[in-house]
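# Fold and geometry: a report
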Amino acid sequence: MRPLELTLDGFRSYRTAQTFEFRDRRLVGIVGEIGSGKSSVLDAIAFALFGKTPTIASNTKSLIHQLRDDCHVELRFAVGEDVWQIQRALRRRGQAGHKLVRLADDTSDAAELDPITGDDATKRRVEELLGMDFETFCRSVLLAQNRFSEFLRASAGERDKVLKGVFGFERLDQAHGVAKRRLEAVTDRLSNLAADRTRLEQVIAELATARPAAVAAAERADLLSGHAEEVASLRADREEARRALEQARAATDELASIAGQAPADDAVLDTVQRAGAARAQVDEARAAVDEAARRRSERERARTELVERLGDPQQLGSFGALVERREAAVRGLEASERQAEVAARAAEQAERHAEKAQAQADAAAAAHDQTEAAVATAQADLERVEDERRAAHRAEMAHELRAHLAVGDPCPVCERAVDSTPRRRAAPKTTAAEKAVKSAKAALEKARKAELRARQQHTRAENDLAAARTQLETSTAGAATAAGQATAAQEELARVSEELVERLGEGDPRALLDERMRLLETAERDLDEARAELERAEADAISVTDGATTALEATGALAARIVGCWGRLGEIREPVADPGSLGEERAELLRAIDDRRSEVGGLVSDVTAREHAGRKRLDEIAAELDISDLEMFGDALAHASAERGSTQQRVVDLEAEVERGADLEQRVSSDEARRTLLLRLEKDLRPSRFLGFLLEEERAELAELGSEHFEQLTAGGYRFSEDDRFDVRDMNAAGRPRKADSLSGGETFLASLALALALAEMVARGGGRLDSFFLDEGFGGLDPEHLALAMEGIGRLVAEDPDRLVVLVSHVREMQDSIEDLIELAKDAVTGDTRVVRGARAISAGV
């Protein structure tokens, strides 16, 4: 993994967006004062890849700048020939965002391929790409503050985890898992095949029993089929006799029901008497309705005359709306006049503000012109003194050369022999020239800051002037609009008042309208009373009529009941018109019912004899077929047919199952051979076997290479032990062994750096995946000699691979002086935000 470009926005001390470019860079130093955001650059790389930093694993929202509600980190990096880009976003409120894409190329508008979202999915893919998890990354690639010695002091198991990730040995764990799963699968298949063998033996035994059962079932089905036609005929005769008896019983019940439905004679006489009394009550009620209708007509005429004289309710309602409209016009006029006064005062105030803003803008423009002239002057002074400094340096070089020249020596410039030594001159004043350049640069920086402040003040003044002019236009337009609204309100009031005089006459419009409404309401109330009286009379008439109708309906109901009884006997007759004939009609109906009862009795005797003979023959057949109840003959026949089919199918199924098991022994033999092979493969791939052998070799080589680097970094003072425990041998004490915990801080840093250099060298030899290293601090505890040795080792680490990137974070001045490619950071004295002084190589929105 090699970083190409890193962007931070709202991350830790980076309040605004800043982009760092790492393309075509090899050894980069990140320098600056304490708290300027140096370590945050490496934290951002770790956060982009794994969603956490070496010091913050869970409470990641604390990475957001204190004055921001969110932060964004974007890292573009290369893995082999592929370019990837990962984006992570945090929010104080709401969900975090995680996205990883493969880019078609390393351009700003490259197409996005294979997108992955979500924290877990993104983290898994990053671990696959890098071949290591977060802990391995922090122990072999990113050595953060106070974590240099983790690999040195790690347990054997932790070191093995790092080595497996760095050298790609995790594939052996995956191969062991595949072999183990395949072994489990073939073992399961063998278990299933053993069960299949037992099942095949059971099937062969079942087949010997199933074949005779199928023959017996076929014979039984044929016997039942031979009697099916006769049984069906006898059962049909019995069913017909049963239906005839049921019909006879139903006819008997029907005749009894018809006899019970016939009305009694006293009920008919009582109903006719009630109908005569009801007719007299109906005539009296109709006279009362006619009188109430007459009074209602008189009051309707009186109301109509009043409406013609004063107007109907709809017209009076429109007059009321007109009165309300006049009152609203009065209120509107008063409001419009007040609004016009307020708008006029606002326009006067806006005009005074615009004049003041114009004066401020003119003054700011003049100040800006002056600061621009000062910047140009300071720039010219700087160019002049830089020319003088260069001239002084050239003179200094010539002065030094003169001091060592002799006649006959080759000239160091043109390489010709010197004829005569040049005359000595006074030493040039280069120190004064350097001070003059520094002073000119400070003056230029001060002039630029003054020009920036003047330009900002001029911009603010221009914005204030534009706002004042806009406000003046708005206020002037508002005053004109308010004056127009007041004039319109005055005209509306005049129109409404004139229309009210035309419709209601002179006087108070509200009082005139209320009087007309009172007269009309009185007429409406009188008419409502007359209508209510008519409704009561009509309701009484309806009640009386309903009573008479009920009495007449009762007479008709009796006649209809008798007609219904005749209909149930199968005769159609009309209802009798004279209630006195209802008694004779009832007597004739009862005589017809008695005749029908005699006919039904003879039919029952014949059907009973025929049903007895059929039952006797069915009993004989049941005894012959050994069936207790021939009512179940159909079920017995169906069961026998089904039994014949199922037993025959059972034989077919068992024979097919025996045929399918023909190659069972061959399959068992093949899977047993495969299981033997997988058992050996799973055993050989266990971590304690082949992988353990590989790791032991790598640890031994790492210890040997680490000793060489450790000895170089400490000028022969220390080595590592020959085994893989990475104990320290003190060469200043005759190689006496000592624990790594006993080393000083600077010695621990050099030991950790030696292991990191050795690990990188081993990976480079095998074409591994360590394309970048990030070292954070640790140089402060080294003396100048060991610092130089450490930088030599880091130089070799860079030189081993032309594409490798090494990033060092430190505030040590001697280390900074030995690195040409620096990213210099500073801290804002007021806000504490990070400010990039130089070296980012990318333009960002926040700097």
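Look up a bit, the structure's there.
Now for a look at the structure at hand. (Residues numbered from 1 in each chain as written. Predicted model: local features only at pLDDT ≥ 70, side-chain atom pairs only at ≥ 80, totals over all residues. Heavy atoms only, no water.)

### As for helix H17 (residues 784-799)
Stated formally: Under the scheme used here, helices are H or I runs from DSSP no shorter than 4 residues and strands are E runs no shorter than 2 residues, and both carry numbers assigned from the N terminus. Helix span is expected to be 1.5 Å times the residue number reduced by one. Buried residues are those whose accessible area, probed at 1.4 Å on protein chains only, stays under 20% of the maximum for their type, while exposed residues exceed 50% and partly exposed ones sit between those limits.
With 16 residues, H17 extends 22 Å between its outermost C-alpha atoms, agreeing within 8% with the 22 Å of an ideal straight helix rising 1.5 Å per residue. Here H17 has its buried residues at His786, Leu787, Leu789, Ala790, Met791, Gly793, Ile794, Leu797 and Val798.

### Topic: the packing of aromatic side chains
Here is the rule we go by: Here a Phe, Tyr or Trp ring, Trp counted by its six-membered ring, pairs with any other such ring whose centre lies within 6.5 Å, and the pair is stacked when the planes are under 30 degrees apart, edge-to-face when over 60, and tilted otherwise. Whether a charge lies above a ring is judged from NZ of Lys or CZ of Arg, which has to be within 6 Å of the ring centre and within 35 degrees of the ring normal.
Per the counting criterion, the structure on display carries three aromatic pairs. An angle of 35 degrees between the planes, with centres 5.9 Å apart, marks the rings of Phe11 and Phe47 as tilted. Here the residue Phe11 occupies a position in the loop between strand E1 (2-9) and strand E2 (18-21), and Phe47 occupies one in helix H1 (residues 38-50), the gap between them amounting to 36 residues. When sorted by exposure, Phe11 lands in the same class as Phe47, which is buried. Ring centres of Tyr14 and Phe20 lie 6.1 Å apart, and the angle between their planes is 85 degrees; this geometry places the pair in the edge-to-face category. Each member of the pair, Tyr14 as well as Phe20, is classed as buried. A cation sits over an aromatic face here: Arg573 above Trp566, 3.6 Å from the ring centre.

### Here's the deal with the sheet that holds strand E5 (residues 82-91)
Selection rule: By the convention used here, strands pair only if DSSP detects at least 2 bridges between them. Angles run from 0 to 180 degrees between N-to-C directions of axes, and those axes are lines fitted to C-alpha atoms, restricted for helices to the stretch in contact.
Taken in spatial order, the six strands of this open sheet run E2-E1-E4-E5-E6-E7, and their pairing is antiparallel. Here the strands that pair on one side only, and so sit at the sheet edges, are E2 and strand E7 (112-117). Taken over all neighbouring pairs, the strand axes of this sheet differ in orientation by 15 degrees on average, direction set aside. Direction of pairing for E5 relative to strand E6 (residues 97-103): antiparallel, over a ladder of seven bridges. Counted as the bridge partner of Gln85 is Val101 from E6.

### With respect to the side chain of Glu386
Short version of the rule: Just so you know, the count uses Lys and Arg for positive and Asp and Glu for negative, and it drops His and the chain ends. By definition, a salt bridge exists where a carboxyl oxygen of Asp or Glu is found within 4 Å of a side-chain nitrogen of Lys or Arg. Contacts were defined at the residue level, with two residues in contact if any of their heavy atoms lie within 4.5 Å.
Examined against the element boundaries, Glu386 turns out to sit in helix H9 (residues 313-403). Although Glu386 lies buried, it forms no salt bridge, and the closest oppositely charged side chain, Arg390, sits 4.5 Å away as judged by the N-O distance. Other than its neighbours up to four places away in sequence, Glu386 contacts Val437 and Lys441.

### Describing the sheet that holds strand E10 (residues 728-730)
Read from one edge of the open sheet, three strands run E9-E10-E11, paired in antiparallel fashion. The outermost strands of the open sheet, each flanked by one partner alone, are strand E9 (718-720) and strand E11 (736-738). Strand-to-strand twist across the sheet, computed as the mean angle between neighbouring axes with direction ignored, equals 35 degrees. Relative to E11, E10 runs antiparallel, the two sharing three bridges. Residue Val728 lies in a different strand from E11, and its bridge partner there is Arg738.

### Notes on a positive patch on the surface
For the record, the criterion: Note on patches: the residues involved have over 30% relative accessible area and no salt bridge, like charges join within 9 Å, and the nonpolar side chains Val, Leu, Ile, Met, Phe, Trp and Tyr join within 5 Å. Every accessible area reported is derived by Shrake-Rupley at a probe size of 1.4 Å, with residue values counting cover from the shown protein chains alone. Note that the charge is assigned to NZ on lysines, CZ on arginines, CG on aspartates and CD on glutamates.
Taken together, Lys446, Lys449, Arg453 and Arg835 make up a surface patch of like positive charges. In terms of residue count, the dominant contributor to the positive patch is helix H10 (residues 430-504) (three residues). With respect to the helices and strands, the residue Arg453 is situated in helix H10.

### Describing the environment of Gln485
When you line up the elements, Gln485 lands in helix H10. Counting along the chain gives 149 residues from Gln485 to Ser336, while the straight-line C-alpha distance between them is 6.1 Å. Not counting the four nearest positions on each side in its chain, Gln485 is found in contact with Ser336 and Gln339.

### Some points on the nonpolar core
Cut-off, in case you're wondering: By nonpolar core is meant a set of buried Ala, Val, Leu, Ile, Met, Phe, Trp, Tyr and Cys residues that side-chain atoms within 4.5 Å join together.
Grouped together as the largest cluster of nonpolar side chains are 48 residues, with contacts concentrated most on Leu6, Phe20, Leu49, Phe77, Leu130 and Phe137. Considering each element in turn, this core owes the most residues, nine residues, to H1. Formed by 37 residues, the second largest nonpolar core is a distinct cluster that contains Leu702, Leu753, Ala758 and Ala790.

Any functional reading would require information that these geometric values do not contain.
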